[in-house]
Amino acid sequence: MHLNGNNRRGLFSRFFTSTLILCIVLIAWSGLAWAAAPDDAKPGQCKACHSGKPVLPESHIDTGTMKWQQCLMCHKNDKGPLKDRIPVNHVRMLSEPPVADPVQGPGGSEKPSNVPAAVSPAGADKKTDGDARLPGKSDALKTTAPAPKCTACHAKPEYNQYFSATKHGALGCTACHTGVNEIPKHMQGKQPSVTAPCLNCHSRILEKGLHKDLQKFSCNQCHGGIHPRESRSPSPAKTEPAKAATPSVSLGTPDCTTCHSAPKYRKHFSQTAHGTLDCATCHQGIKDLRMHMKKEGKKPEPVSCAVCHKDTAKTYEKSYHAIAAKLSCLACHDDIHPEKAVKGKGDKVAVITSCLKCHKDTDRFVNKGHGAKVLAGNRDAAACNDCHKTHAMPFFPRDRDEKAKKREFYTGICISCHREGGVAGNYGTFQGITRDYGETYHGKAKNLGYLDKVAGCTDCHLGHNILPADNPSSGLNPEALVKTCGNCHHNFHPRFVSYVPHPDPDNPKGFFSLYLTKKFMIALLAGVFMFFWTHSLLWWRKSYAESSRLIRMGVAEKTDLSETKRSQYVRRFGVKERIMHVILIVSFFGLVLSGFPVKYTDAPWAQSFIRLMGGIEGAALIHRISAAAMIALFLYTCWLSVKFLFPGFRFKGWLGRLLGPDSLFPRPKDIEDCIGMFKWFLNRGEKPRFDRWTYWEKFDFLAVFWGMFVIGGSGLIMWLPELFSHVMPGWMINIVHLAHSEEAFLAAVFIFTIHFFNNHLVPDKFPLERNIFTGTYTLEALKKERPLEFQRILLENRLEEIKCNGPGTGIQFFAGVFGIASVLIGLGMTVLILYEVFRTF
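Residues numbered from 1 in each chain as written. Predicted model: local features only at pLDDT ≥ 70, side-chain atom pairs only at ≥ 80, totals over all residues. Heavy atoms only, no water.

Enquirer: Mind showing me how you'd approach the overall build of the chain here?
Expert: Of regular secondary structure, the chain possesses 34 helices and nine strands. Buried residues in the chain amount to 32% of all 841 residues. (Helix = DSSP H or I, 4+ residues; strand = E, 2+ residues; numbered from the N terminus. Buried < 20%, exposed > 50% of the residue type's maximum accessible area, 1.4 Å probe, protein only.)

Set out below in structure tokens:
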């Protein structure tokens, strides 16, 4: 193609014009780009525009929100002006009027957050504790924007995010860190800050609490986490072992684990109970860190554990390990810096392992005891500290009470686990074992507080030997029991060890004979009480109704005796019978008052009764003296009965005397009288006519023979068990113990309710029948109560023989006081006994 001159000039003109326009557009776009920044960008935020390659060194502080004058604080002495090294529009952006970034201070006032007082805004005439004003070098600095925040350099979370969540988080940096007058020098490391004493604010901390007793301490020992290196949990309670954290040591010093970097100082230690503490909490005395790192000077001295564990230390001071063995804390707690990972707090295997360092006989202390169960994986089984206590292992002085106190302590420990609801009780293996122990004399004496007189758990179970009885190495093996029982009992037959120390009378499979004995005694008690309480209730109703009817009608009972004969006294009991009855009453009350506190050891009144009698031994002495008196009285009564049947050793006519009207032996008429009495109760007939003895009086008399056989015989066996083991097996002691207890209940409640009612509390005799004490009553009373005897006396012409004077003043006073007191004591005991029965039913 051929171009002429004009075409060439036109092409060149268009090219030049296009190039010029393009340059103008590029220049304008470039200027706008340099002059504008994102709307939300703040001065000093380089990355808002320069999001690619960094324009500042990595070591440069964060320039966010910085102003031009703040930049000059460090760069004013640079070679060449700073403005010549950055674009003019950047200078213009940084030179905008400074904008304050205040935070609300106390009382609503504004103050810069984390801004050193050395570069506080101009016009700030007031200064806080620890602040220092920067001496003015030029007027320009007095009107500049605030200096960079401390967190511009100290940007780690421990100085900003985590610190703000602490109790000191609301304070400015200069509240504690003072001495910075020139920020540039401080940033260059030429002017370090000085940490103010904590006592500047906490001036009264030494006047109260734990700090009051401390003499040498550094706040940083315990409060080392002023600038925490991890986020604080909202709750102080930790649910997981502490993670491996680097504890700070002292003011501004390097981390101890920098040198002490083994797992036992870092990873494993952080899993322990002390894992959240700083090293300097326990290791004190480092004055010069450089010398310490060179292993020069004194080693750090561990602080006494009592500084923190004050209560534990006081408890430990009274323990066996402290008093007798003189062991320090580290003798057992030698794993403060554990070589291996901690499995868990309070690990029972670790406890046993620690104890075996001194108590090396594993066959004695572990293999036969609870420890074997723990090592086999049963975490509910008892470890050493469960029984012997960690810091409170008791020290028993070697005196006469040592064995008793030791027995009481360890028996209580055993019961706490083996009781129903305890750890061992939850397995059902030993169901009711402590309850059954409490029903034996051993357990009853223990409940009353006299365990020093009987065997406790460890006397038979030997403490560390819990193997089953069929194991030859068991302390419960029959061969071993002969020796074990022989520690307390002597001169017994080997069959004595068949005694069951934990008898369960409600388990027919475990102890069938005892089960049958209990069922028989319950049936006997139920039958006797049901019959005679019904008898007494109906009698009271009928007698009260008859007396009320006569009073309402205003008439007296009819009698054919003259006034003189009605008031004539006749003898019913001789002096001998009256003395025997008084002895019977006294001995009976002695047995009841000394026996029932032992039967009902959990009753609130039981221990008071026992203490009044001089303790368990005093009660036993009173019980045995009373029993001896009653047995002697019973034997004498038997002798009198023989003399009555065979007077002058004549056997002729003995059957007639046995079934005669003066005999206390039952006869057919007694059955007729009993039936007739119930008819009278129900208004179906007349009241029976009685002779010298009524059917209920004969029952009382014959009950003594039954009671003495059961109570007296069983009491002798319980008194001398070793002797009777030569004629009976040991398990018979369990049976006689149950029979003795239940028969005693029958006798006491029967006497205090039924016997008292029949003779004293029935309405026409209330409140007391005195003839058992005076020996006499009126002829009118004789005819009314025993009409058949009255007729026999008249027919046999013996009236003059039995006539006597009325009782004197002295005998009447004795009868009233002694009789009423006996009735009141008996009724009072009845209330206590029945209350306890229904309370434990």
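Enquirer: It is not clear to me how the state of the cysteines should be interpreted in this structure. Could you clarify?
Expert: As used here, a disulfide is simply a covalent bond connecting the sulfur atoms of two cysteines. One pass over the full model with this rule turns up zero disulfides. In this structure cysteine 282 is not part of a disulfide, and its nearest cysteine sulfur, from cysteine 308, lies 6.7 Å away. Of the cysteine sulfurs around cysteine 332, a residue in no disulfide, the closest is that of cysteine 355, at 6.6 Å. Residue cysteine 332 is classed as partly exposed on the basis of its relative accessible area, which comes to 35%. (Disulfide = S-S within 2.5 Å.)

Enquirer: How do you make sense of the pattern of salt bridges when you look at a structure like this?
Expert: Any two side chains of opposite charge can pair if their charged atoms end up close together. Summed over all chains, the structure comprises 28 salt bridges. The partner of lysine 542 in a salt bridge is glutamate 546, with the nearest N and O atoms 3.2 Å apart. Of the two residues, lysine 542 and glutamate 546 are both situated in helix 20 (residues 512-553); the distance of four residues between them amounts to about one turn of the helix. For glutamate 546, a relative accessible area of 26% puts it in the partly exposed group. Between glutamate 742 and lysine 599 there is a salt bridge, with its nearest N and O atoms 3.8 Å apart. Of the two residues, glutamate 742 sits in helix 29 (residues 731-761) while lysine 599 sits in helix 22 (residues 575-599), which places them 143 residues apart along the sequence. (Salt bridge = Lys/Arg side-chain N within 4 Å of Asp/Glu carboxyl O.)

Enquirer: It is not clear to me how the packing of aromatic side chains should be interpreted in this structure. Could you clarify?
Expert: How two aromatic rings sit relative to each other is given by the distance of their centres and the angle of their planes. Summed over all chains, the structure comprises 32 aromatic pairs. Look at phenylalanine 529 and phenylalanine 745: their rings are 6.2 Å apart centre to centre, the planes differ by 90°, and that puts the pair in the edge-to-face class. Here phenylalanine 529, found in helix 20, pairs with phenylalanine 745, found in helix 29; they are 216 residues apart in sequence, far enough to count as distant. Grouping residues by exposure puts phenylalanine 529 and phenylalanine 745 together as buried. An angle of 15° between the planes, with centres 5.6 Å apart, marks the rings of phenylalanine 589 and phenylalanine 752 as stacked. Taken together, the residues span a long stretch of sequence, with phenylalanine 589 in helix 22 and phenylalanine 752 in helix 29 at a distance of 163 residues. Here phenylalanine 752 falls in the buried class, since its relative accessible area comes to 1%. (Phe/Tyr/Trp six-rings, centres within 6.5 Å; stacked < 30°, edge-to-face > 60°.)

Enquirer: Would you mind going over the sheet that holds strand 7 (residues 569-571) with me for this structure?
Expert: Whether parallel or antiparallel, the strands of a sheet pair through hydrogen bonds between backbone atoms. In spatial order, the strands read 8-7-9; together these three strands make up an open sheet with antiparallel pairing. With one partner strand each, in any of the chains shown, strand 8 (776-778) and strand 9 (803-804) form the two edges of the open sheet. As defined by bridge partners, strand 7 adjoins strand 8 across three bridges and the pair is classed as antiparallel. Following the sheet pairing, valine 570 is matched in strand 8 by tyrosine 777. (Pairing = 2+ DSSP bridges.)

Enquirer: Any chance you could explain the confidence of the model for the chain here in plain terms?
Expert: Detailed reading of the predicted model is not advised wherever pLDDT is low. In the predicted model, the chain carries a mean pLDDT of 81, and 81% of its residues have values of at least 70. Every residue in residues 98-145 scores below 50 in pLDDT, and together they form 65 contacts with partners more than four places removed in sequence or on other chains. Within the model, the stretch residues 235-253 combines pLDDT values under 50 with 29 contacts to residues more than four positions away or in other chains. (pLDDT = per-residue confidence, 0-100. Contact = heavy atoms within 4.5 Å.)

Enquirer: Quick question: what am I supposed to make of the nonpolar core here?
Expert: General note: in soluble globular proteins, nonpolar side chains tend to be found buried as a group. Within the largest apolar cluster, 44 residues are counted, with the highest numbers of intra-cluster contacts made by Phe529, Phe596, Phe745 and Phe752. Secondary-structure elements contributing two or more residues to this core are helix 20, helix 22, helix 23 (606-612), helix 24 (615-645), helix 29, helix 30 (771-774) and helix 34 (809-839). It is helix 29 that provides the largest number of residues to this core, a total of eight residues. Once you skip the residues sitting within four places of it in the chain, phenylalanine 596 turns out to touch Leu591, Trp605, Ala744, Phe745, Ala748, Met829 and Ile833. (Core = buried A, V, L, I, M, F, W, Y, C linked by side-chain atoms within 4.5 Å.)

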